[in-house]
Structure formats: structure tokens, C-alpha cells
Amino acid sequence: GTLLIVRYVHFGNLWQELRFRGNMIRYEEVVELVENGTLQPDADGYTSLPFRYRSLTNDGDTIRIDNGDGITRIFFYTSRHAAQNFSGYFYSSDNNPPQTGVFNGRWRYVVQKRPDWFYCSSY
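Residues numbered from 1 in each chain as written. Predicted model: local features only at pLDDT ≥ 70, side-chain atom pairs only at ≥ 80, totals over all residues. Heavy atoms only, no water.

Caption draft 1: View of the environment of Q40. Relative to the assigned elements, Q40 resides in the loop between α2 (11-35) and β1 (46-48). In this structure the C-alpha to C-alpha distance between Q40 and A82, which are 42 residues apart in sequence, comes to 24 Å. If we ignore the near neighbours within four places in the chain, the residues touching Q40 are Y46 and T47. A polar side-chain atom of Q40 sits 3.0 Å from the main-chain carbonyl oxygen of G37. (Helix = DSSP H or I, 4+ residues; strand = E, 2+ residues; numbered from the N terminus. Contact = heavy atoms within 4.5 Å. Polar contact = N/O pair within 3.5 Å; in protein donor to acceptor, adjacent residues only side chain to side chain.)

Structural data, given as C-alpha cells:
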């Protein structure tokens, strides 16, 4: 039984899902802060998270924001190795997955987690 569990249970995916579910309220609070204008992006689209929310990203600080075309898009990094090699949670107020070029991404893996929320990897 143990061998089957070790072989067929994808612990990485399980951990990622538990982490997302456990932080969902805080992710939604950040979305609200962006939508009400409390968090504003700099010229490159980055902003620093308030201390309370810093555990939502891998570096403990930075998210990307795009408010173009009346649509709010936010990217929470869970891994970042280079300018186009990163992964994380993507929020889109119109429930559409990220398109090539959004946040400089070349999206190779996109899975919807909830309405408006996606887990994405660019490489």
C-alpha cells in the first residue's frame, strides 16, 4: 500500500492545492486592495505586498498588476528563476486565462483552480 501511495500520489500537486486553499481568503483580500486602489503598480507593473500578505509569494514581497481594458489581472509568484521562467497564481477578473505576453509570460502550463483563478507556469 505504501509503495502505491508513494508511486501514484502527486504530493507536489497536493501541497500546492492545500497551500492555495489555505490562503484563498488572503489572496481575495489582496485582489480587493488592488481593485479599490490601495495597492498600485509601479511603471513596470510591480508592487510590494503589505507585511500581512508577504507569505503569498515566493520572495515574500512582489506581485504583478495589470488593470488594462477594465480588467484586473494579478500574478502571485510561487517560483521565479528568470524573466520568463516563473510560475504562480494568476487572477483575472474576466475569468480568462493569461494570454502570451501578459506579464511577459510564455504560458506552457495553465490550469484553472477556481473561477477567476489559475495556476500558471511560463518557461
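We are not done yet, so read on.
Caption draft 2: Quick look at the sheet that holds β1. Overall, antiparallel pairing links the six strands, which are arranged β1-β2-β3-β4-β6-β5 in an open sheet. Only two strands of the sheet have a single partner each, and these edge strands are β1 and β5 (107-114). Strand-to-strand twist across the sheet, computed as the mean angle between neighbouring axes with direction ignored, equals 25°. In this structure, β1 lies alongside strand β2 (residues 62-66), joined through three bridges in antiparallel fashion. (Pairing = 2+ DSSP bridges. Axes fitted to C-alpha atoms, helices over the stretch in contact; angles between N-to-C directions.)

Keep in mind these numbers describe shape, not what the thing actually does.
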